[in-house]
Amino acid sequence: MVEERTKADGPQGSSEPAARAGWNSKIEYFLAQVGFSVGLGNVWRFPYLCHQNGGGAFLLLYVLLLLVLGIPLFFLELAAGQAIRQGSIGVWKYISPKLAGIGYSSCVVCFFVALYYNVILAWSLFYLGNSFQYPLPWEQCPKQGNITGVCTDMKECERSSPTSYFWFRKALDTTDSIDEVGSFNTNMICCLLAAWTIVCLGMFKGIKSSVKVMYFSSIFPYVVLICFLVRGLMLEGAMDGIIYMFYPKLEIWADLQVWLQAATQVFFALGLGFGSIIAYSSYNPKNNNCHRDAFTVSFINFLTSVLASLVVFAVLGFHAKVKVDACIASNLKQLSELYQHGFIDQTQMPTFNSSDSSPVAPEVYSSWFKEYGSKVSANLTDCDLEKEMQKGVKGTGLAFIAFTEAMSRLPGSPFWSALFFLMLLNLGLSTMFGTMEGILAPLTDRFKTLAKNKTKLTIFSCIIGFVIGLLFTQRCGNYFVTMFDDYSATLPLIIVVVFECFSVSWLYGADRFLDDIEVMLGWRPPIIYKYLWKYICLLAMVGLLAVTTIRTFIKRPTYTAWNQETASNSDLPYPDWALAVLALLILFAMMPVPVGLIHSFLQDRKKPSRDTEAGQYSIVNTDETPMTELDFRNGVATSMS
């Protein structure tokens, strides 16, 4: 599936390594790049943001920021990787030795992300394994019996829901806070071992083996999403959910918070800063049209998010309709009983027939409730469709609670459940392969010993990932997943991209970079990229960095904890020791950047390199040869002095 591109590809004198793997076809490259960028966030984060931030108005804003920020930065990473044909460490070291820390920082962030991301795959495996039974185990509460603790479990289930109970008690057996460590979850340890084993086997021979898996893992989720969309549109209430999500609220554009969330989603959806884009692009031929690739992959990513949103809200619309109908039926039953006993008079009764068994339209009931609900001395609720669709539509709450509950109401629920969690597993695997490549490719490019033992490095990395990942299999492990997800990557990745943008547009020079791309592609990209890289993208990322930093350090971070006694979620502040861990995660991820700068300055003092002309600088490759220009025609750094 993968061919080797040797030294013969370039001219004599090339400093390119003796051999480097390459994609055997364009399809393989697209599957890998799309598989990495399209992940779990497209299914459970984008629909939530779109729903919370103005529906159709958020989509328009997202497309705008994708064109202005996302695609230019994506193109920058693709071009740099394809031209220099190394991982993130080698790319930024070739541009300037002072920037080598950027690549190392990307590796650290990729490692942190891989640790908790594979835990989510373990959760998906657990649910997938439990999907092959009827009825599904999360369809009903545990039955009364003499089993120890069953009474407590029943109360927890009755106060919440069977799906919430199964998630928090059966799957995670979670504690009430991050301070309560608890024992290890044996089921999750086994699932985590299986997840890392799958990743290891998929990465065993680098892209030669992972690309074979991607033919399935990258395509299968689209088949499942289309199946779910067709089935979802056939459900009652599906169109209510879709209309509710996409109804444009243009006034939301005046809210700065919405712009920040849209920019952050564009940033993370494309996988900028991880080094995986650079790594995958480095296996391309030097004349590949990476400009077209940037637009193609970006819009495939966006359309996937829209498709996932249609599926999510079609199913959630059905789920909300079922809940609202049950709520209205219960309230009408109360009204009927109160009327029969003379507690309310005829004027307070609804004009529709409360004794009729046919469901009452939510809007009809809502209209009556607004006028008479407060006048009736009964414990009635408004049965609001919008409030029902707001429940559990983000992250794990969407995938493992709201969506599972909706699927349990479908005919043939085990089939749909197995299909859904198999889709989550494949979405996660494609992203994991890209994340691992963002670790392995830069290290093997930088260190010859590791390059000779890449298989051993892959196995060792997976073993280390599993051992450290045991932290997340404790009863409080899901709180650590939240901590890593919220803080281990956000700030460091933004800093990495800020340095990437600054180094290319100002340090190396945007005009020179465009010149090199012209030599590589045979045509010059539009001049607008120069101004986007130098000003718009850079200022936007610096602004995002500033706001993220202020929000992180001014407001005490919190996490959502499950309280077993009340059977509900509550936001708790992180304890001091957890804040220390959180700070260390951020510092470890950012540390390589200043360390690389300091190391380079110390090396310059010991062994000064030759100065170049004004406005340029010395670029030194791995064998200390002075480099004053990047020959992008050959895809390597070549001395022009």
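The residue numbering used here restarts from 1 in each chain and proceeds along that chain's sequence as written. Under the rules for a predicted model, residues below a pLDDT of 70 receive no local features and side-chain atom pairs below 80 are neither given nor counted, while totals for whole chains, interfaces and linings still include all residues. Calculated side-chain values reflect all of the structure's heavy atoms, with hydrogen atoms and water omitted.

By the naming in an unreviewed UniProt entry, the protein chain is Transporter, taken from Oryzias latipes. UniProt positions are given in the numbering used here, feature names are shortened, and annotations may be inferred rather than shown by experiment. You can read under Subcellular location (unreviewed entry) in the UniProt record for the protein chain the words "Membrane". Listed in UniProt under the heading Sequence similarities (unreviewed entry), the comment for the protein chain reads: "Belongs to the sodium:neurotransmitter symporter (SNF) (TC 2.A.22) family."

Chemist: Hey, could you run me through the overall build of the protein chain in this one?
Modeler: Helix and strand assignments follow DSSP, with helices taken as H or I runs no shorter than four residues and strands as E runs no shorter than two, numbered in order from the N terminus. Secondary structure summary: the protein chain contains 26 helices and eight strands in total. The buried share of the protein chain, taken over its 641 residues, is 57%. Here a residue-residue contact requires only that any non-hydrogen atoms of the pair lie within 4.5 Å. The long-range fraction of contacts in the protein chain, counting pairs at least 24 apart against all pairs at least 6 apart in sequence, stands at 78%. To measure how exposed things are, a 1.4 Å probe is used in the Shrake-Rupley method; for residues, cover is taken only from the protein chains shown. Of the roughly 26,900 Å² of accessible surface on the protein chain, 62% is carried by carbon and sulfur atoms. Exposure classes here rest on a 1.4 Å probe applied to the protein chains alone. A residue is buried below 20% of its type maximum, exposed above 50%, and partly exposed in between.

Chemist: Would you explain the side chain of Thr490 in this entry?
Modeler: Along the polypeptide, Thr490 turns up in helix α23 (residues 490–521). With relative accessibility at 15%, the residue Thr490 sits in the buried group. The term polar contact refers here to a pair of N or O atoms within 3.5 Å; inside protein, the definition further demands a hydrogen-donor-capable atom paired with an acceptor-capable atom, and it admits residues adjacent in sequence only when both atoms are side-chain atoms. Looking at Thr490, its side chain comes within polar contact range of the main-chain oxygen of Asp486, at 3.0 Å. When residues no more than four places from it in sequence are discounted, the contact partners of Thr490 are Phe268, Asp485 and Thr548.

Chemist: Got a minute to help me understand the pairing of strand β3 (residues 558–563) in this structure?
Modeler: Side chains on a regular strand alternate between the two faces of the sheet. In short, DSSP must find at least two bridges between two strands for them to pair. Sheet topology note: the β3/strand β4 (residues 568–573) ladder contains six bridges and is antiparallel. Its bridge partner being in β4, Thr558 is matched across the sheet by Pro573.

Chemist: What should I look at first to understand the UniProt feature "binding site: Na(+)" (unreviewed entry) in the protein chain in this one?
Modeler: In the numbering used here, UniProt assigns the feature "binding site: Na(+)" (unreviewed entry) to Gly35, Val38, Asn42, Asn301 and Leu427. A compact arrangement is adopted by the annotated residues: their sequence extent is 393 residues, whereas the largest C-alpha distance between any two is 12.3 Å. Inspection of the secondary structure assignment puts Gly35 in helix α1 (residues 26–37). With sequence-adjacent residues up to four places away left out, Gly35 is seen in contact with Phe30, Ser218, Leu427, Ser430 and Thr431. For Asn42, the contacting residues outside a window of four places in its chain are Ser37, Pro47, Asn301, Ser305 and Ala308. Within the structure, Asn42 has its side chain in polar contact with the backbone nitrogen of Gly39 (distance 2.9 Å).

Chemist: Would you mind showing me how to read unusual backbone geometry here?
Modeler: Working note: non-glycine residues mostly have negative phi, and peptide bonds are mostly trans. Here the amide bond leading from Tyr134 into Pro135 is cis, since omega sits at -5°, within 30 degrees of zero. By secondary structure assignment, the location of Pro135 is in the loop between α6 (100–129) and α7 (150–159). In this structure, Asp173 is a non-glycine residue whose phi angle is positive, near 50°. Structurally, Asp173 is set in the loop between α8 (162–171) and α9 (186–203).

Chemist: It is not clear to me how the state of the cysteines should be interpreted in this structure. Could you clarify?
Modeler: Simply put, the disulfide is a covalent bond whose two ends are the sulfur atoms of two cysteines. In plain terms, two cysteine sulfur atoms within 2.5 Å form what is called a disulfide here. Counted under the stated rule, the structure contains one disulfide. The closest cysteine sulfur to the non-disulfide-bonded Cys107 is located on Cys110, 6.6 Å from its own sulfur. Cys191 forms no disulfide, and the closest cysteine sulfur to it belongs to Cys190, at a distance of 6.9 Å.

Chemist: For this particular structure, what's the right way to read the pattern of salt bridges?
Modeler: Side chains that carry opposite charge are capable of pairing whenever their charged atoms lie near each other. Salt bridges are defined by distance alone: a side-chain nitrogen of Lys or Arg within 4 Å of a carboxyl oxygen of Asp or Glu. Inspection of every chain in the model, using the stated rule, returns twelve salt bridges. Via salt bridges that share partners, Arg169, Asp173 and Arg475 belong to a single interconnected network.

Chemist: Any chance you could explain helix α12 (residues 238–246) here in plain terms?
Modeler: Helical periodicity: at 3.6 residues per turn, an α-helix aligns residues three or four positions apart in one direction. Every buried residue of α12 is listed here: Ala238, Gly241, Ile242, Tyr244 and Met245. Seen from one end, α12 has its buried residues packed into an arc of 160°, which puts them on one side. The arc in question is traced by the directions running from the helix axis to the C-beta atoms.

Chemist: Explain the packing of helix α13 (residues 256–269) against helix α24 (residues 528–554) to me, please; I cannot follow it from the model alone.
Modeler: Geometrically, a packed helix pair is captured by the angle between its two axes and the distance between the axes. Each axis is a line fitted through C-alpha atoms, and for a helix only the stretch in contact is used; angles between axes span 0 to 180 degrees, taken between their N-to-C directions. Viewed as axis vectors pointing N to C, α13 and α24 meet at an angle of 110°, and their least axial separation amounts to 11 Å. If you check the angle between α13 and α24, you find them roughly perpendicular. Here α13 contributes Gln257, Leu260, Thr264 and Phe267 to the contact with α24, which in turn contributes Met541, Leu544, Val547 and Arg551. Lys, Arg, Asp and Glu make up the charged group, whereas Ala, Val, Leu, Ile, Met, Phe, Trp, Tyr, Cys and Pro make up the nonpolar group; the residues left over, Gly among them, are polar. A class-by-class count of the residues in the contact of α13 with α24 yields five nonpolar, two polar and one charged. For classification purposes, angles smaller than 35 degrees are called roughly parallel, those larger than 145 roughly antiparallel, those between 65 and 115 roughly perpendicular, and all remaining angles oblique.

Chemist: Help me understand the environment of Pro526, please; the structure alone is not making it clear to me.
Modeler: Looking at the secondary structure, you find Pro526 in the loop between α23 and α24. Each C-alpha atom of the pair Pro526 and Leu514 lies 8.8 Å from the other, and the pair is twelve residues apart in sequence.

Chemist: So what exactly am I meant to see when it comes to the packing of aromatic side chains here?
Modeler: Here the distance between the centres and the angle between the planes together describe a pair of aromatic rings. In this scheme Phe, Tyr and Trp rings, the latter by its six-membered ring, pair at centre separations within 6.5 Å, and the angle between planes marks the pair as stacked below 30 degrees, edge-to-face above 60, and tilted otherwise. Applying the stated criterion across every chain yields a total of 46 aromatic pairs. Taken together, a centroid distance of 6.1 Å and an interplanar angle of 45° make the contact between Tyr127 and Trp167 tilted. Of the two residues, Tyr127 sits in helix α6 while Trp167 sits in helix α8, which places them 40 residues apart along the sequence. An angle of 75° between the planes, with centres 5.2 Å apart, marks the rings of Phe415 and Trp416 as edge-to-face. Cation placement over rings: the criterion is NZ of Lys or CZ of Arg within 6 Å of the ring centroid and within 35° of the ring normal. Stacked on the ring of Phe447, the Lys or Arg Arg446 has its end atom at 5.5 Å from the ring centre. One residue, Arg512, lies across the ring of Tyr508, its end atom 4.0 Å from the ring centre.

Chemist: Hey, could you run me through the confidence of the model for the protein chain in this one?
Modeler: Summary statistics for the protein chain give a mean pLDDT of 81 and a share of 83% for residues scoring 70 or more. Per-residue confidence from the predictor is reported as pLDDT, a score between 0 and 100. Taken as a whole, residues 1–18 scores under 50 in pLDDT and shows 44 contacts with residues more than four places along the chain or in a different chain. A low-confidence stretch, residues 609–641 stays under pLDDT 50, and its non-local contacts, those more than four residues away or across chains, total 81 contacts.

Chemist: Help me understand α9, please; the structure alone is not making it clear to me.
Modeler: Multiplying one less than the number of residues by 1.5 Å gives the expected span of a helix. Taking 1.5 Å as the rise per residue, α9 with 18 residues should run 26 Å; its terminal C-alpha atoms sit 26 Å apart, in good agreement. Every buried residue of α9 is accounted for by Met188, Cys191, Leu192, Ala195, Trp196, Val199, Cys200, Gly202 and Met203. For α9, the N-terminal capping position is held by Asn185, with its side-chain oxygen 3.2 Å away from the main-chain nitrogen of Asn187.

Chemist: Would you mind showing me how to read the packing of α9 against helix α21 (residues 454–469) here?
Modeler: At a minimum axis distance of 10 Å, the contact between α9 and α21 shows a crossing angle of 160°. Accordingly, the angle class assigned to the pair α9 and α21 is roughly antiparallel. You can see that α9 and α21 cross each other, and the crossing is right-handed. Every residue of α21 that contacts α9 at Ile189, Leu192, Leu193, Trp196, Val199, Cys200 and Met203 is listed here: Thr458, Ile459, Cys462, Gly465, Phe466 and Gly469. Each crossing gets its handedness from the near helix: less than a right angle anticlockwise from the far helix is left-handed, clockwise is right-handed.

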